[in-house]
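Listed below, chain by chain, are the residues.
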Amino acid sequence: MRPGDWLTQLLEIVAALAAAPLFLGWVNRCRAWMQNRRSASLWLPYRNLRKLLRKETVIAHNASPLFRAAPYIVFATMTLAAGIIPSMVTGLPLVVSADAIALVGLFATARMFMSLAAMDIGTAFGTLGGRREMMVGFLAEPALLMVILVASLLSASTALPAITEHLATQALGLSPSLAFTAVAFTMVLLAENARIPVDNPATHLELTMIHEAMLLEYSARHLALMEWASALKLFNYACIGFALFVPWGVATGHVGPVALAVAIAALVAKLLLAGGGLAVIETVSAKLRVMRAPEFLATAYLFAVLGLLVHVLLGAS
Amino acid sequence: MIRIPLDQQLLDSCAALMLLLSFAMLSQRRSVSLVNLYAIQGAVLAAATLLLAWRTGQGHLYFSAALTLVLKALLLPWLLHRLVRRLEVYWDTESHLNVSGTMLVGLIIVVFSFGLAQPITELASTSTRSAIGIALSVVLLAFLMMITRRKAMSQVVGFLSMENGVLFGAMSATYGMPMVVELGVALDVLVAVLVLGVFFFQIREQFDSLDLHHLEALREERR
């Protein structure tokens, strides 16, 4: 491991931290365009964060240390996850140190702390949000693991960089199993990031919200960290999707400045497209009732398993 | 890295699509969408047959593809749509199992039929033999649909989808059945739909609904 690699790793994490709110702003802007509205500024998420960071923190009297610690833990896990996902370069020290299953575990850790913190104060809405989040999470996780399993079967490794390298160098062709798993992954992404068919990120209508209900008790810098973390989560999921399904452009092996520039340009292009796609999905679909969410996620799981079965069956010839 | 030829890739995709459409039909509650899905499945089957005909150079497969397209993607869906409109059965709300449960049973069926098709796959010498398992699961999934649904409309669509599966299986195991058999089956299916259409009206006249549940309790005194 050369010292330059650590520098690149640091660059990747900082880029993820900086780009995540921008990506969120881009998705919101595309959504506004799709709905014939004038969009808010792309920089609105940053301004929001700055505003929140300058405010005074207010905490409920009966909050335990867990409530204070949770934003930092969630933010740290998401940052670490951003370092593990090979969004630009595959041969980095953090990227090769953990595989995809550890990554799913990291997301589960963040989810658990978030739900516990939501239940900590003891208000009805926080508890409701925490419970709904766990329901969505425990149904989404098997689907996500199944998606990763299919990609691992194709490339004979559970390490994300190995999967990315294998799929990027493979001969270009139609792969029904990858197409099915891509659909499954998109559904998991929508559910996990509280996007529209499962949860509406723009609403504060109490009875339907999941993610926002958990953040009701937070204020100022804690809220800023939580919101930044959820922007980072969306960014991370998008990058996992790129690593599994559109790995072209990622720098592999020995990385020079040119390869790095190409990788950054490719990532920006993919993010722009993904943001547009996400906005289209969110515009054309209506929010499901909460009780319909399990059905939605069961379909995601079904797609992932179909991908696996099709691979096993058709790959046998 | 072995490069798979493009037509093989397309055929594999068609097989995967057939399976996906079977699951979509299994989860679909609206009669109109169900008929549309059946039409799409017919079109995919026709496309697969056409690809295979082009690939193997067997002339009769072209006829088979044309027959499938006209009958299963256009004529039968049109007849079924007309039936849905006339009978005003747009919904099939109650099924015996909920959607997620049906899906899980469906997955088990797919695994089962993959296992069942393994020996046949090893014996077959065609290049599309890996799709036999998928054809078998299309048949069994259509069976499942007929078992779990109550309304006559969905059962008929399930029956027709099963026939699609049989044809697909014959195609991938032996490059299609002899022309005479295929024509006979096509005629059978057409007549079946026409007869069942008449049947629907009779059932509804008798019971004011298309729920086949009523047929289980026939008694003399009720005439």
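Residues numbered from 1 in each chain as written. Chains lettered and ligands numbered in written order. Predicted model: local features only at pLDDT ≥ 70, side-chain atom pairs only at ≥ 80, totals over all residues. Heavy atoms only, no water.

Draft legend 1. View of the overall build of chain B. The helix and strand tally for chain B stands at seven helices and zero strands. Taken over the C-alpha trace, chain B has a radius of gyration of 18 Å; the compact-globule value for 223 residues is 17 Å, and the two agree within 12%. Taking all 223 residues of chain B together, the buried fraction comes to 52%. Restricting to contacts in chain B with at least 6 residues of sequence separation, those with at least 24 account for 75%. In the form shown here, chain B has an accessible surface area of approximately 10900 Å², with 66% of it arising from carbon and sulfur atoms. Computing the positive centroid from 16 side-chain charges and the negative centroid from 15, chain B places the two 6 Å apart. (Helix = DSSP H or I, 4+ residues; strand = E, 2+ residues; numbered from the N terminus. Rg over C-alpha atoms; globule rule 2.2 N^0.38 Å. Buried < 20%, exposed > 50% of the residue type's maximum accessible area, 1.4 Å probe, protein only. Contact = heavy atoms within 4.5 Å. Areas by Shrake-Rupley, 256 points an atom, 1.4 Å probe, with all protein chains shown as cover. Lys, Arg positive; Asp, Glu negative; His and termini not counted. Charge placed at Lys NZ, Arg CZ, Asp CG, Glu CD.)

Draft legend 2. Structural view of helix 11 (residues 257-284) of chain A. Residue and element names in this part refer to chain A. The end-to-end C-alpha distance of helix 11, which contains 28 residues, comes to 41 Å, matching closely the 40 Å that a straight helix rising 1.5 Å per residue would cover. Listing the buried residues of helix 11 in full gives Leu260, Ala263, Ala266, Leu267, Lys270, Leu271, Gly275, Leu278, Ala279 and Glu282. Contact partners of the buried residues in helix 11: helix 1 (3-34), helix 8 (176-192) and helix 10 (220-245). (Expected span 1.5 Å × (residues − 1).)

Draft legend 3. Representation of the interface of chain B and chain A. At the interface, 22 residues of chain B touch 19 residues of chain A. Summing the contributions of chain B and of chain A, the shared interface buries around 2000 Å²; its carbon and sulfur component is 78%. On inspection of chain B and its partner chain A, the count reaches zero salt bridges. The tally of links between chain B and chain A comes to zero residue pairs in polar contact (both at pLDDT 80 or more). Among the elements of the structure, helix 1 (6-27), helix 4 (99-123) and helix 5 (132-148) of chain B are those that each provide at least two residues to the side of chain B that touches chain A. Of the residues forming the side of chain B that touches chain A, the biggest block, eight residues, is contributed by helix 1 of chain B. The class makeup of the residues in the side of chain B that touches chain A is 14 nonpolar, five polar and three charged. (Buried area = accessible area lost by both parts, 1.4 Å probe. Salt bridge = Lys/Arg side-chain N within 4 Å of Asp/Glu carboxyl O. Polar contact = N/O pair within 3.5 Å; in protein donor to acceptor, adjacent residues only side chain to side chain. Nonpolar A, V, L, I, M, F, W, Y, C, P; charged D, E, K, R; others polar.)

Draft legend 4. Structural context of the pattern of salt bridges. As enumerated under the stated definition, the model contains seven salt bridges over all chains in all. Across the pair Arg195 of chain A and Glu282 of chain A runs a salt bridge whose closest N-O atoms are separated by 2.9 Å. Highlighted residues: Arg195 of chain A in the loop between helix 8 and helix 9 (211-214) and Glu282 of chain A in helix 11, separated in sequence by 87 residues. For Lys72 of chain B, the salt bridge identified is with Glu163 of chain B, shortest N-O distance 2.9 Å.

Draft legend 5. Examining the packing of helix 12 (residues 293-314) of chain A against helix 1 of chain B more closely. Orientation of helix 12 of chain A relative to helix 1 of chain B, taken along the N-to-C sense of each, is 145°, at an axis distance of 11 Å. Once helix 12 of chain A is placed against helix 1 of chain B, the crossing between them reads as right-handed. From helix 12 of chain A, Leu302, Phe303, Leu306, Val310 and Leu314 of chain A reach across to helix 1 of chain B, where they touch Asp12, Ala16, Leu19, Leu20 and Phe23 of chain B. (Axes fitted to C-alpha atoms, helices over the stretch in contact; angles between N-to-C directions. Left-handed = near helix turned anticlockwise from the far one by under 90°.)

Draft legend 6. Geometry of the packing of aromatic side chains. Inspection of every chain in the model, using the stated rule, returns nine aromatic pairs over all chains. Pairing Phe75 of chain A with Trp228 of chain A gives two aromatic rings, centres 5.4 Å apart and planes at 55°, and the pair type is tilted. Taken together, the positions of Phe75 of chain A in helix 3 (residues 65-84) and Trp228 of chain A in helix 10 put the pair 153 residues apart, joining distant regions of the chain. Assessed through its relative accessible area of 16%, Phe75 of chain A is described here as buried. Centroid distance Phe180 of chain A to Phe303 of chain A: 6.1 Å. Interplanar angle 75°. Geometry classified as edge-to-face. With Phe180 of chain A in helix 8 and Phe303 of chain A in helix 12, this residue pair connects regions lying 123 residues apart in the sequence. An aromatic cluster of three or more residues is present, and its members are Phe107, Phe185, Tyr237 and Phe245 of chain A. Sitting above the plane of the Trp78 of chain B ring, Arg82 of chain B keeps its charged end 5.4 Å from the centroid. (Phe/Tyr/Trp six-rings, centres within 6.5 Å; stacked < 30°, edge-to-face > 60°. Lys NZ or Arg CZ within 6 Å of the ring centre and 35° of its normal.)

Draft legend 7. Local environment of unusual backbone geometry. Residues and elements named next belong to chain A. Unlike most non-glycine residues, Ala156 shows phi in positive territory, near 55°. Within the secondary structure layout, Ala156 lies in the loop between helix 6 (124-155) and helix 7 (160-169). Phi at Ala194 is positive, roughly 55°, even though this residue is not glycine.

Draft legend 8. Expanded view of the environment of Ala47 of chain B. Residues and elements named next belong to chain B. Mapping Ala47 onto the fold places it in helix 2 (residues 31-56). Of the residues examined, Ala47 reaches a relative accessible area of 34% and is grouped as partly exposed. Sequence separation of Ala47 and Leu11 is 36 residues, and the distance between their C-alpha atoms is 8.8 Å.

Draft legend 9. Representation of the confidence of the model for chain B in the model. Residue and element names in this part refer to chain B. Confidence along chain B averages 83 in pLDDT terms, with 93% of residues attaining 70 or more. Looking at the elements of chain B, mean pLDDT is at its lowest for helix 7 (residues 179-207), recorded as 83, and at its highest for helix 5, recorded as 90. For this predicted complex, the interface confidence score (ipTM) comes to 0.76, while the overall pTM stands at 0.84. (pLDDT = per-residue confidence, 0-100.)

Draft legend 10. Region of interest: a nonpolar patch on the surface. All names here are of chain A. A cluster of nonpolar residues, Leu11, Ile264, Val268 and Leu272, forms a patch on the protein surface that exposes about 310 Å² of accessible area. Here the nonpolar patch takes three residues from helix 11, the largest share from any one element. Secondary-structure assignment places Leu11 in helix 1. (Patch = residues over 30% accessible without salt bridge, like charges linked within 9 Å, V, L, I, M, F, W, Y side chains within 5 Å.)

Draft legend 11. Representation of the environment of Gly130 of chain A. All names here are of chain A. The topology assignment puts Gly130 in helix 6. Once the C-alpha coordinates of Gly130 and Ile210 are considered, the two residues, 80 residues apart in sequence, prove to be 7.5 Å apart. Gly130 has contacts with Ser115, Ala118, Met119 and Met214, leaving out every residue within four places of it along the chain.

Draft legend 12. Geometry of the environment of Thr123 of chain A. Within the element layout of this structure, Thr123 of chain A appears in the loop between helix 5 (100-120) and helix 6. For the pair formed by Thr123 of chain A and Leu216 of chain A, sequence separation is 93 residues and the distance between their alpha carbons is 9.5 Å.

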